[in-house]
Amino acid sequence: MDPEEAKRQVAREALRFVRTSEVLGVGAGSTVATFVDALGASDVRPRAAVVASERTRELLERIGVTVVGLGADLIPLPVYVDGADEIDGELRLIKGGGGALAREKVIASASALFVCIASEDKLVRGLGAFPLAVEVLPMAVHLAARELRALGGAPAVRDGFQTDNGNLIVDVRGLDFADPATLEGAIGAIPGVVECGIFARRRADVAIVGTEGGVRILGRPTDSPVL
Ligand code: 5RP
């Protein structure tokens, strides 16, 4: 299927999970941008949104959705909608292709229901072919690279890129993903690492996947969207 059509399909389907009177968590990336387009074209309006990137903030404000911070009174957010670079059979993810992984993980972890939207090329048997994005404090980049090499990875600083938090992204290839949650913990424990793009400890609850045969919903709840 044309990837853009798959994005439109999953974006429309995800609208079923948005509650009009609640604050919605919204991630980052091109699939999320398509979701914001679908939201703008629909009657569905969340009360406000908490966003993972400045780009998503712009897109939402353009369709008239107010963006707010993640206040204590908002946790848990009922629903978080975001894309992914890889999704495995247990709905563990690799994210961070767009470099927004730290804020994405914060919002995902603050949400009761994480709805992942993606085209079927994102489904994988095992995580790890996509380079793993690691957000690092600029002054810690050499130390972090050394520690990532010690974990078996081949790190490369993303050229000319700064995150919305003012940090660097190190993309890492060659890591062993046999136990994604343990790897997530090990990378997170490196001094100077802000976050890594493994979402195994807080995986998606639902994945809406665009396929040739139409939309497939994986995980829970399969047939009872939050309305
Ligand atoms: C950004 C992300 C995105 O969700 C991920 O890269 C998927 O992006 P796209 O929808 O453009 O394929 O994690 O940090």
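Residues numbered from 1 in each chain as written. Predicted model: local features only at pLDDT ≥ 70, side-chain atom pairs only at ≥ 80, totals over all residues. Heavy atoms only, no water.

## Description of the packing of helix α1 (residues 3-14) against helix α2 (residues 30-41)
Between α1 and α2, the least distance of the axes is 8 Å, while the angle of their chain directions is 55°. Here α2 runs oblique to α1, going by the angle between their axes. Crossing handedness for the pair α1 and α2: right-handed. Facing Lys7, Arg8, Val10, Ala11, Arg12 and Ala14 of α1, the residues of α2 in contact are Ser30, Thr31, Thr34, Phe35 and Ala38. (Axes fitted to C-alpha atoms, helices over the stretch in contact; angles between N-to-C directions. Helix = DSSP H or I, 4+ residues; strand = E, 2+ residues; numbered from the N terminus. Parallel < 35°, antiparallel > 145°, perpendicular 65-115°, else oblique. Left-handed = near helix turned anticlockwise from the far one by under 90°. Contact = heavy atoms within 4.5 Å.)

## Digging into the site of the ligand
Inspection of the region around the ligand gives 16 residues, with Ser30, Thr31, Asp85, Gly96 and Lys122 positioned closest. Between the ligand and Ala28, the relevant distance is 3.0 Å, taken from an oxygen atom to a main-chain nitrogen or oxygen of the residue. The contact in question runs from an oxygen atom of the ligand to an N or O atom on the backbone of Ala100, over 3.1 Å. The fraction of the free accessible surface of the ligand (380 Å²) that becomes covered by protein chains is 89%. (Near = heavy atom within 4 Å. Polar contact = N/O pair within 3.5 Å; in protein donor to acceptor, adjacent residues only side chain to side chain. Areas by Shrake-Rupley, 256 points an atom, 1.4 Å probe, with all protein chains shown as cover.)

## Considering unusual backbone geometry
For the peptide bond that leads from Ile75 to Pro76, omega is 0°, which places it in the cis range. In this structure, Pro76 sits in the loop between α3 (54-62) and β3 (77-82).

## Quick look at the sheet that holds strand β12 (residues 206-211)
Strands pair in a sheet through their backbones, by hydrogen bonds, and they do so in one of two ways: parallel or antiparallel. With mixed pairing, six strands are arranged side by side in an open sheet as β2-β1-β3-β6-β12-β13. With one partner strand each, in any of the chains shown, β2 (48-51) and β13 (214-219) form the two edges of the open sheet. With direction set aside, neighbouring strand axes in the sheet form an average angle of 25°. Where strand β1 (residues 23-26) and β3 come together, three bridges link them in parallel fashion. (Pairing = 2+ DSSP bridges.)

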